Amino acid sequence: MVALTGNASLIGQDQRIGLELAESEFGGSTPALSVRLEDGGSDEQTATTAFRRLLQQPVVALIGPSLSQQAFAVNPIADPAGVPVLGASNTAIGIPQIGPFVSRISAPVSKVAPLSIQAAKRLNPKLERVAVFFAQDDAYSTSETKIFQKSIQGLGLKLVTVQRTSTADIDFQKPIADTLQTRPDLIVISALPNDGGNLVRQLREMGYAGLIAAGNGMNSPNIYSVCQRYCDGLLIAQAYSPEAKTAVNRRFVQLYQKQRGGTAPPQFTAQAYAAMQVIHEALTRLDRQESLRSQSRNQALATMALPELRRALNTILLQGTYDTPLGEIRFTPEGEVIQKDFYVARVKMDAKGKTGRFALLPNPSPATP
Amino acid sequence: MDAGLLEQMLLGALLGLSVYLPLRCGQLSLATPGFFAIGGTVAALLSTRLPALAGSGSTYPITSVLLEMALAALLTGVLALGLGRVVLRLRGIYLAIATIALVEILRVVTLNLEFTGGALGIFGIPQPFDSAAGYAAFTLALLALICWLCDRLEKTRPGRAMAAIRDDELAAASQGINTADTKLLAFVLSALVAGITGVVAAHFLNSWNAKLGNFDASITTLAFVVFGGSRTWLGPVFGGLLLTALPELLRPVGDLRLIVFGAVILVGPLFFPQGVITPELFKTLKRIMLRPPTPAAQGGKP
Amino acid sequence: MEALLQLLFNGLSVGAVYALFALGYTLVFSVLGVINFAHGAIFTLGAYFTYFLIGGAVGANGLMAGLQLPFALPFWLALPLAGLGAAAVALVLERIAFRPLRDRGSDPLLALITSLGAGVILVNLIQLLVGAESYSIPVETLESLPVALSIAGAKVRTVQVMLLAIAGLLLAALSIWIDGSRSGKALQAVSEDPITAQLLGINSGRMIQIAFGISGFLAGVAGGLVGLSVSIAGPYFGIGYGLKGLGVLVLGGLGSVPGAVLGGLIIGLAEACVPAELSGYKDAVSFGFLFLVLLIRPQGLLGRPQANKV
């Protein structure tokens, strides 16, 4: 269930592609897997009804919802019903703790964010003064900025100003003018692609020439059309990099490009794809295990009662290790994701300033699980 | 039907009634989502921070929910009493905008305060019922009670005074009706209904955040009343039930569902300029049922 | 001095957008006495029209994915054409959502709801056809101009100054038309009292159409211009201004055209005065200010006391 309408529909739109690609990739092989897509809207009420609707159907697991706030509203419904819920884009602290059936493959903010500050420090060792912007009405950005601010202070840098913006803001003249007076060497932004992209563009237009580091919320090719040539040089913390050189990722990028033309897949698409992959692989292992036990071929899962199947799937899902486009991932017993690779990329725009790529910076620090 | 959807429809009907009450005396107040948000925040804070309310059973005690409702009602009532005196001097669209401004200020303050959880809100709100059906039964009882009270109100002196103010405030004042107090009464009642609805909604949604009382919600709830009809309490109840259910019932049309929903809101008022449910509708129905027509009992325009 | 000038720039920069948005919004109110909730959607359409006319291609997610016009117009030609396109939509809207209500003499409250429905349709139609991704007018459109102006150490983006200047020009043109021409006077007569105007031989229905057409044109042009300054943030682009726009309208005085521009600038300045530590409360400050003005002067800054219109 993803947000296909409302103001989070940009996320849902990316996720939908990932789910559909995964369905065509894994759907054909046994055990057959198909996607039943519901619009969860961008609010809690719509998400609740959509979730309940799906729970009444013979689904083995749920992927979604798109927003962390929605997860807090709907996951407590799915958990007692005994349906595994795999979050593909919820990053707030406390989501896997909702219950034993709730897990996620989207890495929590605390892991990804500090990397880009470290990268900025490597690029400019003389870095001292840091300004922070965050979108105060976005749950992701408000959690991320706390991590950013902690790691700025942890590195001994000076936090010169914290500006609160809103995802609906479009003109940042005032916070930018205030910030430029504090003469920062680095500006750190936690926002979504649209408002964040506009902020980057306006910072550059107002004459800021220093480094800009953006949080994971802006890790989307959607920013290219927003800040255009001014995106160039932007540092971005990534939980997914289209440039990762694993076989699985190359296959995923190839599938994506076959359907969508030359562009690189966004993180939300990769995460949704990975969520399907995880469920598919867990089901396959379950199938094998059950077939061995009951000694019937290919019928093992079909004969299992749905509640039992869901329970068994949840158990086996949390035990596995998966090689996904996001890199190698596994889960804690609680359902929190343990992701091996995170990246910091620097945006490189083409000569016309229309599109660009996230060029990986060398030696990304390996995250400690 | 799915009990979860039924629950949301019932909550929609309650919010519809909250917008309806001031509108019945001609006051276009859009403060409902604000009081709704306050009710929800009260419930979210009390039930997650006060262990004393949690009880000993596996589910959260209903008595605690009732206590939250009482506190929410008290808080919203007092607030409405104070604000009402100030804002009800405004009329028409100016009142609407002033109330929207208040709701927006409340939203921004909630976002910025630490103890309301900022953008993420408050989550892990305990559940007084095991199933959505439990919520639906509880909310149905609440709705029935409030409808009954509205019906009583409409048949008594303050109710008739409200209708008189709506028809012509000057004339009503010249008949000795205390228009300021009557309008204030409607405003406070509206706040109470919204506040206790917020309490139920917070438990039902497991979580609560600042987004739940915003401008969009103001306009949607107004649509409930205008669509359903604003001259008898059945109008907003009908509008709230139908317009909450409609986007969900339209799921089979897939990507077109909100387009169809918009078309219904657009076309509805063209066919039913007084709203779908009007006192005249009852009269017609009664006539069809071959009973002697009785004078409009609703206190609206004849 | 520098600080004061910067403050002024900050306020004007935000205010310019509000003022542009509110101009067309207020025109319909002045004539019909109703708020057109679909105004934001028409503003959005204007931005998209401009984008397509300058040769932009549809992204990968809508039904029209990959579509592109075979020609690319210069921005200054595309903008008025997009305004005309938006005006055409506004006229259709008037025909469907407003006129049937007026013909029956219904409660003006209903127009709030029918226009809301029309807005919902437009927004979701845009999403269906061109997807939810953001589009943008190339930053190179103003290539010959410097991106920012710097006066006595205070800075402002050139495009914002331009928006403000255009808002001023449109205001002047509108005022000249309303006060100086026959049709403008007829419009005033209709907004004062449609029935008397009818008796005086003015075709009220036609005047209302004209008002809608101009309002749509202004919304479309505003959308295209704002799209030059920031990206077109998906189908909800203009809807986001609905609330602030309403505030601006009421602050300036409902139905007052100069009031709309003044209201926009004042809200912009009010927000600019919020210190950085309290930046989170920016929107509360502008609405708090609006609330106070309403209590002291309910008709708004430049509005006339009005009968109970909704």
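A short tour of the structure in this document, coming up. Source: prediction; values computed, not measured. (Residues numbered from 1 in each chain as written. Chains lettered and ligands numbered in written order. Predicted model: local features only at pLDDT ≥ 70, side-chain atom pairs only at ≥ 80, totals over all residues. Heavy atoms only, no water.)

Attention now moves to the nonpolar core. One finds Leu17(B), Trp208(B), Phe37(C), Val226(C) and Leu246(C) to be the most contacted residues of the largest nonpolar core, which totals 199 residues. It is helix α1 (residues 2-32) of chain C that contributes the most residues to this core, 15 residues altogether. Membership of the second largest hydrophobic core comes to 68 residues, among which are Val112(A), Leu313(A), Ile316(A) and Leu317(A). (Core = buried A, V, L, I, M, F, W, Y, C linked by side-chain atoms within 4.5 Å. Buried < 20%, exposed > 50% of the residue type's maximum accessible area, 1.4 Å probe, protein only. Helix = DSSP H or I, 4+ residues; strand = E, 2+ residues; numbered from the N terminus.)

Here we take up the interface of chain C and chain B. Every contact between the two is made by 43 residues of chain C and, on the other side, 38 residues of chain B. A buried area of about 3,700 Å², summed over both sides, lies between chain C and chain B, and 82% of it is on carbon and sulfur atoms. Interface area lost by chain C to chain B is led by Ile113(C), Leu243(C) and Phe291(C), which between them contribute 16%. Inspection of the chain C/chain B interface yields zero salt bridges. Seen at the junction of chain C and chain B, the total is two residue pairs in polar contact (both at pLDDT 80 or more). Broken down by secondary-structure element, the contributors of at least two residues to the side of chain C that touches chain B are α3 (75-103), α4 (109-130), α9 (241-252) and α11 (282-296) of chain C. Of all the elements, α4(C) adds the most residues to the side of chain C that touches chain B, at 13 residues. Across the side of chain C that touches chain B, the residue classes break down as 30 nonpolar, ten polar and three charged. (Contact = heavy atoms within 4.5 Å. Buried area = accessible area lost by both parts, 1.4 Å probe. Salt bridge = Lys/Arg side-chain N within 4 Å of Asp/Glu carboxyl O. Polar contact = N/O pair within 3.5 Å; in protein donor to acceptor, adjacent residues only side chain to side chain. Nonpolar A, V, L, I, M, F, W, Y, C, P; charged D, E, K, R; others polar.)

With that settled, the discussion passes to the interface of chain B and chain A. With 22 residues of chain B in contact, the opposing surface of chain A contributes 29 residues. Of the roughly 2,300 Å² buried where chain B meets chain A, counting both sides, 50% is carbon and sulfur surface. For chain B, the biggest contributors to the area lost against chain A are Ala119(B), Leu120(B) and Arg251(B); these three give 24% of the whole. Linking chain B to chain A there are three salt bridges. A salt bridge links Asp39(A) to Arg257(B), with the shortest nitrogen-to-oxygen separation between them at 2.7 Å. Counting residues per element, the ones that place at least two in the side of chain B that touches chain A are α1 (3-24), α4 (92-112) and α11 (257-271) of chain B. With three residues, α1(B) is the largest single contributor of residues to the side of chain B that touches chain A.

All names here are of chain A. With respect to topology, three strands assemble into an open sheet ordered β1-β2-β3, the strand pairing being parallel. Single-partner strands in this sheet number two, and they are β1 (62-63) and β3 (102-104). Here β1 pairs with strand β2 (residues 85-87) via two bridges, running parallel. Paired with isoleucine 63 across the bridge in β2 is leucine 86. (Pairing = 2+ DSSP bridges.)

Moving on, we get to the sheet that holds strand β11 (residues 337-339) of chain A. Residues and elements named next belong to chain A. One open sheet holds the three strands; their spatial order is β9-β10-β11, and the pairing between them is antiparallel. In this open sheet, the two strands that pair with only one neighbour each are β9 (321-324) and β11. For this sheet the average axis-to-axis angle between neighbouring strands, irrespective of direction, equals 30°. Note that strand β10 (residues 327-331) and β11 share three bridges and pair antiparallel. Residue pairing for β11: isoleucine 329 is matched across the bridge by glutamine 339. (Axes fitted to C-alpha atoms, helices over the stretch in contact; angles between N-to-C directions.)

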